[in-house]
Amino acid sequence: MLAKEHIDDLLQRNGNVVSSDGNKIGSIGQVYADDNNGQPTWVTAKTGLFGTSESFVPLEGARIEGSDVVVPYTKEQVKDAPRVDVDGHLEPTEEERLYSHYNLAGGNQTYTDAAAAQDADYRDAGQPDTGRGTVGRDTSGPTTDDAMTRSEERLNVGTEKQATGRVRLRKYVTTENVTQTVPVQREEVRIEREPITDTNRGSALSGKDISEEEHEVILHEERPVVEKETVPVERVRLGTETVTDEVTVNEEVRKEHIETDGDNKRR
């Protein structure tokens with residue numbers, strides 16, 4: 001049988017309500033205790049889409065396995081239970097409807113949210129809430145201390161070097177016409193006549209008096225002769241230089257915000 005000391009464990013371990021055949025009915029929502037003796041009597045199972053609905057389940061015959069509560073009812077029976085507002089207090093008429101659904105014998109007791117009742121007991125006793133270790137309880141997971149930690153994401157922007165392209169030197173051959181003027185020389189025939197004088201008379205009378213003769217001269221001329229030679233003209237290589245640009249980084253970061261929610265009439 002579940003006792004009062006089990007209440008905090010049930011709420012802090014964030015466990016589930018499980019049927020006797022091992023099916024998960026829903027996560028543990030609240031534990032309601034008898035107003036007369038403080039014994040845990042009802043637990044709510046969060047069912048429906050995103051756990052938006054809570055169904056009351058009797059703790060009679062239930063047992064604890066790890067962080068879960070195993071109840072002697074099926075998932076369908078719990079989901080078909082009468083709808084009762086989870087407002088922190090269970091009235092006798094609501095109790096009777098639930099007992100009838102689960103085929104249990106009930107009385108005219110009233111039941112209160114056990115966690116809220118324990119907080120009220122500490123306040124009524126004049127003791128500070130910090131005497132329990134924390135003010136209130138953590139409804140989202142295991143209780144740690146009396147404060148929430150607010151965190152936010154921050155950008156740490158650095159740089160990394162990566163290859164963005166490849167450049168090659170490639171040599172290829174083209175053909176172009178080169179025009180150059182070169183002076184050339186040639187020989188032309190010129191007839192030279194000279195009178196007979198004492199100087200050349202002997203040469204003139206050395207042959208026959210009358211005869212037919214031939215005399216020839218070989219003419220020469222220059223023609224352009226073209227030769228090609230390969231000469232180096234320059235050296236070409238690839239180099240790199242570093243330039244600096246500015247890049248604007250735009251990224252979303254998440255920040256946590258903390259606000260109060262609920263009735264805060266008592267200061």
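Quick summary incoming for the structure in this document. Everything numeric in this text was worked out from a predicted model, so none of it was measured.

## Some details on the nonpolar core
The biggest cluster of nonpolar side chains holds 26 residues, and the ones touching the most others in it are W42, V57 and V71. Among the elements of the structure, α1 (6-12), β2 (24-34), β3 (40-47), β4 (53-58) and α3 (92-101) are those that each provide at least two residues to this core. The dominant element in this core, judged by the number of residues it contributes, is β2, at four residues.

## So, the pairing of β3
Counted residue by residue, β3 has seven buried out of eight residues, so it is predominantly covered. Of the pairings in the sheet, the one linking β2 to β3 comprises five bridges and is antiparallel in character. From the neighbouring strand, S27 faces β3, where its bridge partner is K46. The loop that links β2 with its antiparallel partner β3 comprises five residues; one of these, G38, has a positive phi angle of about 75°. Summarising the sheet, β3 and β4 pair through six bridges and their orientation is antiparallel.

## Some thoughts on the side chain of E94
Looking at where E94 falls in the secondary structure, it is placed in helix α3. Put simply, E94 is tucked away with no salt bridge, and the nearest opposite charge, on R97, sits 5.5 Å away. Residues within four places of E94 in sequence aside, it is in contact with V84 and H89.

## Details of α3
Along α3, the residues classified as buried are E94, E95, L98 and Y99. Down the axis of α3, the buried side of the element spans an arc of 135°, and every buried residue falls inside it. The exposed set on the far side of α3, more than 90 degrees from its buried face, consists of T93 and S100. At the exit of α3 stands N103, carrying a positive phi of roughly 60°.

## A closer look at the pattern of salt bridges
Under the criterion given, the structure shown has seven salt bridges. Put simply, R63 and E65 hold a salt bridge, and the shortest N to O gap is 2.9 Å. The partly exposed category is assigned to E65, whose relative accessible area is 43%. With a shortest N-O distance of 2.5 Å, E188 and R186 are connected by a salt bridge. With respect to burial, E188 and R186 carry one shared label: exposed. The network of salt bridges with common partners includes R150, E152 and R154.

## Focus: a nonpolar patch on the surface
A contiguous nonpolar surface patch, about 340 Å² in accessible area, is contributed by L155, V157, V249 and V253. Mapped onto the secondary structure, V157 falls in the loop between α4 (114-124) and α5 (201-204). Assessed through its relative accessible area of 57%, V157 is described here as exposed.

Rules behind the numbers
Residues numbered from 1 in each chain as written. Predicted model: local features only at pLDDT ≥ 70, side-chain atom pairs only at ≥ 80, totals over all residues. Heavy atoms only, no water. Core = buried A, V, L, I, M, F, W, Y, C linked by side-chain atoms within 4.5 Å. Buried < 20%, exposed > 50% of the residue type's maximum accessible area, 1.4 Å probe, protein only. Helix = DSSP H or I, 4+ residues; strand = E, 2+ residues; numbered from the N terminus. Pairing = 2+ DSSP bridges. Lys, Arg positive; Asp, Glu negative; His and termini not counted. Salt bridge = Lys/Arg side-chain N within 4 Å of Asp/Glu carboxyl O. Contact = heavy atoms within 4.5 Å. Arc of directions from axis to C-beta. Patch = residues over 30% accessible without salt bridge, like charges linked within 9 Å, V, L, I, M, F, W, Y side chains within 5 Å. Areas by Shrake-Rupley, 256 points an atom, 1.4 Å probe, with all protein chains shown as cover.

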